[in-house]
Amino acid sequence: ASPHDLLAQGLHHLRIVSPALAQWIDNEDYSHILTGHLRKPDDPPPNYFRSLARGIISQQVSGAAAASILRKFIALFYNPTPAAPEPPEDFFPAPQEVLNRTHDELRTAGLSERKAQYMHSLATEFIEDKSLTELHTLSDENVIEKLTKVKGIGVWSAEMFLIFTLGRWDIFSIGDLGIQRGMAVWDGRDVNKLKKAGGREGVKKVAGKWKYMSEEDMMRLSEGFKPWRTLFCLVMWKASDTQVASM
């Protein structure tokens with residue numbers, strides 16, 4: 001089956017399991033987000049370094065803030081010309097170019113000191129470990145295991161890489177707040193009321209973030225969407241109005 005056929009098949013499965021999801025599936029085009037899944041055979045291979053660096057930029061900031069930082073970060077390395085004042089869409093610095101910049105220079109793009117360190121660590125890993133260019137040959141679990149050994153890349157960043165770069169169909173990011181909030185909406189919970197109520201109704205702040213649903217509930221409720229949980233995540237992001245373009 002073609003990637004577009006698989007997308008249609010997966011969304012159909014979601015609607016069968018939960019007809020309530022139709023409100024976030026009908027008249028929505030998810031194909032523009034799933035670039036990793038819908039890549040054509042003659043498309044250039046994805047730039048893994050770029051994908052993971054973008055993941056570091058996106059950590060713990062809003063989608064709009066991440067997009068702004070990414071734009072400034074790229075501008076540090078692009079030399080504009082009268083014919084091309086803006087960088088091409090696929091432009092991104094090579095690992096060595098990033099290493100050649102000091103932490104202070106990287107911070108002028110809006111990166112924190114810690115994220116500047118992470119960028120240098122990531123660049124060093126790509127220069128020293130050539131197997132990072134072969135991540136597509138590994139299972140989901142092994143990709144997560146390998147990437148989380150890199151300083152600055154946690155499970156969430158590895159999961160986003162599996163979804164948006166490697167195009168895996170059955171990734172469920174249990175630690176993603178947008179997915180958690182979307183699931184609470186889908187399950188009929190009043191998220192605004194829950195947030196105001198705090199711990200009295202089972203919603204509490206953990207590490208500075210609201211928990212709208214327990215991990216046990218998330219796993220139980222997502223089980224029926226296998227093997228299409230990546231699509232379920234996309235629909236839950238839609239349900240919670242989470243911007244995913246910068247992930």
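The shown structure was predicted, so the numbers you read here are calculated from the model rather than taken from an experiment.

(A) Quick peek at the nonpolar core. Among the nonpolar cores identified, the biggest contains 67 residues, and Leu14, Leu21, Phe73 and Met183 are the most heavily contacted of them. By residue number, the principal contributor to this core is helix α13 (residues 229–239), which donates eight residues. When near neighbours in sequence (up to four residues on either side) are disregarded, Phe73 contacts Ile57, Phe92, Pro93, Val98, Leu106, Ala109, Leu111 and Met119.

(B) Structural context of the packing of helix α10 (residues 177–186) against α13. Where α10 contacts α13, the axes come no closer than 7 Å and their chain directions differ by 75 degrees. By the criterion of interaxial angle, the relationship of α10 to α13 is roughly perpendicular. For the pair α10 and α13, contact is made by Gly178, Ile179, Gly182, Met183, Val185 and Trp186 and by Phe232, Cys233, Met236, Trp237 and Ala239, respectively. Among the residues making up the contact of α10 with α13, the classes are represented as nine nonpolar, two polar and no charged.

(C) Geometry of the environment of Leu14. Locating Leu14 in the fold gives a position in helix α1 (residues 3–17). In this view, Leu14 contacts Leu21, Ile25, Phe225, Trp228, Leu231, Phe232 and Val235; residues no more than four positions away in its chain are not counted.

Criteria and thresholds
Residues numbered from 1 in each chain as written. Predicted model: local features only at pLDDT ≥ 70, side-chain atom pairs only at ≥ 80, totals over all residues. Heavy atoms only, no water. Core = buried A, V, L, I, M, F, W, Y, C linked by side-chain atoms within 4.5 Å. Buried < 20%, exposed > 50% of the residue type's maximum accessible area, 1.4 Å probe, protein only. Helix = DSSP H or I, 4+ residues; strand = E, 2+ residues; numbered from the N terminus. Contact = heavy atoms within 4.5 Å. Axes fitted to C-alpha atoms, helices over the stretch in contact; angles between N-to-C directions. Parallel < 35°, antiparallel > 145°, perpendicular 65-115°, else oblique. Nonpolar A, V, L, I, M, F, W, Y, C, P; charged D, E, K, R; others polar.

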